[in-house]
Amino acid sequence: MPPRRRLDPTQRRAELVAVGAELFAARPYDEVLMEEVAARAGVSRALLYKHFPSKRDLFEAVYRKAAEVLLVETEFDSTTPVIEQVAAGLDTHFDYFVANRNTVLAANRTLAGDPVIQAVINEELAALRQRIINASGLSPDSLGLVSAALAGWLVFVRVVCVEWLVHQAFSRDELRQMCVGALLGALSGATDLSDPR
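Cut-offs used in this document
- Residues numbered from 1 in each chain as written.
- Predicted model: local features only at pLDDT ≥ 70, side-chain atom pairs only at ≥ 80, totals over all residues.
- Heavy atoms only, no water.
- Core = buried A, V, L, I, M, F, W, Y, C linked by side-chain atoms within 4.5 Å.
- Buried < 20%, exposed > 50% of the residue type's maximum accessible area, 1.4 Å probe, protein only.
- Helix = DSSP H or I, 4+ residues; strand = E, 2+ residues; numbered from the N terminus.
- Contact = heavy atoms within 4.5 Å.
- Axes fitted to C-alpha atoms, helices over the stretch in contact; angles between N-to-C directions.
- Parallel < 35°, antiparallel > 145°, perpendicular 65-115°, else oblique.
- Nonpolar A, V, L, I, M, F, W, Y, C, P; charged D, E, K, R; others polar.
- Disulfide = S-S within 2.5 Å.
- Polar contact = N/O pair within 3.5 Å; in protein donor to acceptor, adjacent residues only side chain to side chain.
- Left-handed = near helix turned anticlockwise from the far one by under 90°.

Asks: Can you walk me through the nonpolar core in this structure?
Replies: Among soluble globular proteins, nonpolar side chains are generally buried collectively. Counting residues in hydrophobic clusters, the biggest one holds 62 residues, and the most contacted among them are F59 and W153. Elements with a contribution of two residues or more to this core: α1 (9-26), α2 (34-41), α4 (55-73), α5 (82-99), α6 (101-110), α7 (115-135), α8 (140-167) and α9 (172-187). The biggest single contributor to this core is α8, with 11 residues. With residues up to four places along the chain from it excluded, the contact list for W153 reads V86, L90, I132, C179, A182 and L183.

This is the structure:
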């Protein structure tokens with residue numbers, strides 16, 4: 001157990017989230033114990049529970065932080081074709097999924113029925129959908145169609161990524177090609193994402 005250090009509440013919370021992220025990435029959700037989180041962070045269980053009343057609350061903070069980082073790392077710019085940025089964003093997410101397989105599976109399987117965890121996922125998906133819409137230069141006439149297609153595509157990507165993590169029946173390159181191809185197919189006729197906007 002590391003020596004105890006005085007930290008302000010924000011720093012302490014960030015440290016606990018970092019320790020939680022390591023443990024949730026290393027093991028299945030059910031095998032992560034709050035006692036171990038406290039021990040690794042060098043705090044009492046009482047202090048840990050003051051910040052996070054339950055393991056689910058800690059997991060939510062871990063997954064929310066990951067979603068925030070992924071959104072920052074996948075910002076779009078106006079000089080690159082949208083489809084290239086989508087492919088790069090997929091690769092960024094795939095990197096996270098590989099490095100944090102247990103965390104991703106916990107959010108999408110173990111806690112699939114948890115409304116709080118699903119809200120975190122849905123918020124990230126909504127932000128990604130809006131980002132693609134904003135970058136695609138859509139006319140108001142096609143906005144509803146494209147928004148609906150993107151919502152469906154993002155759910156598709158989520159499902160096939162979980163399938164890939166669980167079964168590894170196809171390669172990462174095949175996963176990317178499938179996701180990009182599905183997006184182009186879903187949006188064919190509504191907008192051309194290969195043009196820079």
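Asks: Got a minute to help me understand the packing of α1 against α4 in this structure?
Replies: How two helices sit against one another is set out by the angle between their axes and by the gap between those axes. Two elements in contact, α1 and α4, have axes whose closest approach is 9 Å; the angle formed by their N-to-C orientations is 90°. One element, α1, and the other, α4, form an angle in the roughly perpendicular class. Judged by residue contacts, R13, L16, V17, G20, A21 and F24 of α1 engage K55, L58, F59, A61, V62 and K65 from α4. Its residues assigned to classes, the contact of α1 with α4 comprises 8 nonpolar, 1 polar and 3 charged.

Asks: In this structure, what is going on with the state of the cysteines? I would like to understand it.
Replies: Note on terminology: a disulfide is the covalent bond linking the sulfur atoms of two cysteines. With the rule as written, the count across this model stands at 0 disulfides. Summary of cysteine pairing: C161 is not part of a disulfide, and the nearest cysteine sulfur, belonging to C179, is at 5.1 Å. Looking at C179, the relative accessible area reads 0%, which means it is buried.

Asks: Can you help me understand the environment of N102 in this one?
Replies: Structurally, N102 is set in helix α6. Measuring from C-alpha to C-alpha, the distance between N102 and L165 comes to 9.3 Å, with 63 residues separating the pair along the chain.

Asks: Explanation requested: the side chain of N102 in the structure shown.
Replies: A residue is classified by how much of its surface remains accessible, and N102, at 15% relative accessible area, is buried. One polar contact links the side chain of N102 to the main-chain carbonyl oxygen of A25, over a distance of 3.1 Å. In this structure the side chain of N102 is engaged in a polar contact, spanning 3.4 Å, whose partner is the backbone oxygen of A26. Apart from residues lying up to four places away in sequence, N102 is in contact with F24, A25, A26, R27 and P28.

Asks: For this particular structure, what's the right way to read the packing of α4 against α5?
Replies: Where α4 contacts α5, the axes come no closer than 10 Å and their chain directions differ by 150°. By the criterion of interaxial angle, the relationship of α4 to α5 is roughly antiparallel. Note that α4 runs across α5; the crossing there is right-handed. Within the contact between the two elements, α4 uses Y63, A66, L70 and E73 and α5 uses T92, H93 and Y96. For the contact of α4 with α5, a count of residues per class yields 4 nonpolar, 2 polar and 1 charged.

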